[in-house]
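# Structural overview
Spelled out from the first residue to the last, the chains are:
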Amino acid sequence: MTSAAPSATSAAPNESAIRRLLRATEVDTRMLGMIGALALIWIGFNIITWAQNGEGLFLSPRNLWNLSVQTSSIAVMATGMVLVIVMRHIDLSVGSIIGFVSTIIGVAQVHILPAYLGLDNPAIWIIAVILALAIGAAIGAFQGSLVAYIGIPSFIVTLGGQLFWRGAAWWVTTGQTIAPLDDRFALMGGGPHGSIGATASWIIAAICCAGIVFGLYAGRQRRARFRFPQRPMWAEYVIAVVGCLVVLGATTIVNAYPWPERVAAAYAEANNIPVPEGGLVISTGYAIPVLIALVTGLVMTFLARRTRFGRYVYATGGNPEAAELAGVNTKRITILVFALMGALAGIAACIDSARLDSATNVLGQFDELYVIAAAVIGGTSLAGGVGTIYGALIGALVIQSLQSGMVLLGLDSAFQQMVVGLVLVGAVGIDTFYRRRTAKG
Amino acid sequence: MDPNAITPLVEMKDVSIAFGGVKAVDHAYIDLYPGEVVGLLGHNGAGKSCLIKILSGAYKRDSGQIFINGQEVKIDNPRDAKHYGIETVYQALALADNVDAASNLYLGRELLTRWGTLDDASMEAEARKVMGRLNPNFRRFKEPVVALSGGQRQSVAIARAIHFDAKVLIMDEPTAALGPAETAQVGELIKQLKSEGLGIFLISHDIHDVFDLADRVTVMKNGQVVGTGRVEDMTKDEVLGMIILGKCPPGAVPGPGAMAS
């Protein structure tokens, strides 16, 4: 009745080495395609800037470090947007939620909390973050319940939300910019002080490498326990080595970016450190927002893959009626997904306002479009049921790379928008074509 | 077996549901005993699927009562129905196309590890066992079910229905998507489940299927029950007369939908 699925160990004859490598490591070829596109963008921009300036500006530690910080807020939200789109919904309100949440936590930490706790109280940033998460989640849950229980299409609910929360953000501050924010809160935005330095970065890299190896080992144990087919041992080694090289490479790059001279000099003076010949070199290391985005990505991947909630999200997206008939409470899942999206927008609000060290009502404008674009470029299907968290993270990096590269080239912003628009349509076009071809066989 | 001697496994009394102005099910009565197969027949739109969806919790009835083992129960959603051991194989199969067989088998009832995370390995191992019994040729455990053939999807749907200690099995056109060999396989399965004491509702508009497998037949027309009778007390022509004309033969007990004669 059925042909046996190719087991991971059987080798077909006449197979090219690359094909065998791909099959044995069970790597998603779509992801390789995205990484290839990303590499093309990076190298392309580097060559063009090199032709213009005599040095490749794009692949410099400084630019890559900036790129990582710029990507983090969109990346955080894109992980949630994947689940929203997988559920066959959309959330157009996330940019406005950022504006609303950031003005509220801005007012809270500048005008309200210091009055009770005193200026510079270490509790202020914690309360601000909790507030951001709670407000974001509450807004999301409210919008989600309108979708789930009243049955208003999510496009309409969140379009209304986009207008409503943006207006509400203006109303919170009557249009004023709130600044400066709490010092500890501002660390979430990155910058030299909002980064963890060389030693901590290496420690994190070591933990990540250990995690990769342990994950592979645990997976092998699990498969062995149920006598499922195993990957060949060499493929496990390839995955482990490539994974660790990526981690170590990224760490080397962020550590190769030193603090700006003036910041380092000020720091030296404040701490009575003698400045050596040629200036003090302090490695920046991973920026805190980047770590927030990476942890978010891990947590969301765990939610999507290893929990009931995630399973229900995907099953509902694949066939809402079947999920409902199987006993899944799809209304509850819908509300949870929107609440999660709102909470992630709350985190993004913290990152964005901390990065500017100020809160304004226009913060996050048009972010929803970049977030949706990141998810879709990352392979999330608007038809529902299909999408990965890591895809969305890479998608966010692709979009931000394009923008950052075009800024380096000095292209004006009107042209930048046109290019991002073209890339979005082009990427989805290629993906649709590819899917149709693989579906045919 | 004398059906009057024991409590029915399922009894639906005076059940009605309307959509807009259309009475899809109109004061219907139907019952089912353990180890019995009841065929539910009628034209498209006669209300048979609708009646059965009320029992499986997919629709909420407007009025009427449902009894399981003589106890009145409240069935408002599919979770309630599953709680009473009522499992359904739907006409449209109701599988989530984008996830694999094991995930579909356990959808809504996932096995968890002691940390509360999904135990995919156990679910797959268990799925391999169940499918090995139902359809020994089934190998494609890693693929989304959209890639499977009609018969394979059917075996996943049936596996899901019988894996969780079902007491009542509802099969809505179980063989509509199948070839002759697979249809025979489903027939064998129904006989086996019946001998294990399950009560089975078999919904079909193919009366040959039903005559081969069912003990009793209930016919519906325009949302009303025309009549119920034992298969051996009626001919196929008489049953056709019930389906088409609503004419209740002497071998059957007439319902509110029977043509006045």
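Let's shift gears to the environment of Ser 103 of chain B. Position of Ser 103 of chain B relative to the elements: it lies in helix α3 (residues 101-105). A count of 23 C-beta atoms within 10 Å places Ser 103 of chain B in the buried class. Counting along the chain gives 40 residues from Ser 103 of chain B to Ser 63 of chain B, while the straight-line C-alpha distance between them is 35 Å. Setting aside residues no more than four positions away along its own chain, Ser 103 of chain B makes contact with Arg 311 and Ala 315 of chain A.

Our focus in this paragraph is the sheet that holds strand β8 (residues 199-203) of chain B. Residues and elements named next belong to chain B. A sheet is described by the order of its strands in space; here 7 strands give the open sequence β6-β7-β8-β3-β9-β10-β11, paired in mixed fashion. In this open sheet, the two edge strands, each paired with only one partner strand, are β6 (86-89) and β11 (252-254). This sheet shows a mean twist of 20 degrees between the axes of neighbouring strands, independent of strand direction. As judged from the 4 bridges shared by strand β3 (residues 37-41) and strand β9 (residues 216-221), these two strands associate in the parallel manner. Its bridge partner being in β9, Val 38 is matched across the sheet by Arg 216. Sitting on the sheet, helix α5 (residues 150-162) is in contact with β6 and β7 (168-172), with an inclination near 175 degrees to β6.

Before going further, it helps to examine helix α6 (residues 180-195) of chain B. Residues and elements named next belong to chain B. Here α6 contains 16 residues, and its C-alpha end-to-end distance of 23 Å stays within 8% of the 22 Å for a straight helix at 1.5 Å per residue. All buried positions along α6 are accounted for by Glu 182, Val 186, Ile 190 and Leu 193. For α6, the buried positions fall inside an angular range of 90 degrees around the axis, keeping them on one side. In this structure, α6 carries Pro 180, Ala 181, Ala 184, Glu 188, Gln 192 and Ser 195 as exposed residues pointing more than 90 degrees from its buried face. Buried residues in α6 make contact with β3, α5, β7, β8 and α7 (207-213). Just past α6, the residue Gly 197 takes up positive phi, approximately 95 degrees.

Counting residues at the interface gives 26 residues for chain A, matched by 28 residues for chain B. Secondary structure elements with two or more residues in the side of chain A that touches chain B: α8 (197-225), α12 (308-318) and α13 (320-325) of chain A. Here the element with the most residues in the side of chain A that touches chain B is α12 of chain A; it accounts for 6 residues. The residue inventory of the side of chain A that touches chain B, partitioned by class, reads 12 nonpolar, 7 polar and 7 charged.

Turning our eyes to something else, we now look at the confidence of the model for chain A. Here chain A shows a mean pLDDT of 90. Residues at 70 or above account for 96%. Every residue in residues 1-11 of chain A scores below 50 in pLDDT, and together they form 23 contacts with partners more than four places removed in sequence or on other chains.

A few words on the packing of helix α11 (residues 288-306) of chain A against helix α14 (residues 330-356) of chain A. Two quantities define a packed helix pair, namely the angle between the helix axes and the distance between the axes. All names here are of chain A. One can describe the packing of α11 onto α14 by two numbers: an axis separation of 11 Å at closest approach and a directional angle of 170 degrees. In this view, α11 runs roughly antiparallel relative to α14, as classed from their interaxial angle. Residues Pro 289, Ile 292 and Thr 296 of α11 lie in contact with α14, whose contacting residues are Leu 344, Ile 347, Ile 351 and Arg 355. Partitioned by chemical class, the residues of the contact of α11 with α14 number 5 nonpolar, 1 polar and 1 charged.

Moving on: the environment of Gly 219 of chain A. Residues and elements named next belong to chain A. Mapped onto the fold, Gly 219 is located in helix α8. What makes Gly 219 partly exposed here is the crowd of 14 C-beta atoms within 10 Å. Note: C-alpha distance between Gly 219 and Ala 339 (120 residues apart in sequence) is 32 Å.

All names here are of chain A. Between helix α5 (residues 123-150) and helix α6 (residues 154-173), the shortest axis-to-axis distance is 9 Å and the interhelical angle comes to 145 degrees. Crossing handedness for the pair α5 and α6: right-handed. Between α5, through Ile 139, Gln 143, Leu 146 and Val 147, and α6, the contact on the second element is made entirely by Ser 154, Val 157, Thr 158, Gly 161 and Trp 165. A per-class count over the contact of α5 with α6 returns 5 nonpolar, 4 polar and no charged.

The next subject is the domain arrangement of chain A. Domain annotation for chain A reports domain 1 (72-186 + 305-440) and domain 2 (196-286). Here the C-alpha centre of domain 2 of chain A lies 28 Å away from the C-alpha centre of domain 1 of chain A.

What counts and how
Residues numbered from 1 in each chain as written. Chains lettered and ligands numbered in written order. Predicted model: local features only at pLDDT ≥ 70, side-chain atom pairs only at ≥ 80, totals over all residues. Helix = DSSP H or I, 4+ residues; strand = E, 2+ residues; numbered from the N terminus. Buried ≥ 20, exposed ≤ 12 C-beta atoms within 10 Å, placed from the backbone. Contact = placed C-beta atoms within 7 Å. Pairing = 2+ DSSP bridges. Axes fitted to C-alpha atoms, helices over the stretch in contact; angles between N-to-C directions. Expected span 1.5 Å × (residues − 1). Arc of directions from axis to C-beta. Nonpolar A, V, L, I, M, F, W, Y, C, P; charged D, E, K, R; others polar. pLDDT = per-residue confidence, 0-100. Parallel < 35°, antiparallel > 145°, perpendicular 65-115°, else oblique. Left-handed = near helix turned anticlockwise from the far one by under 90°. Domains from an automatic or database assignment.

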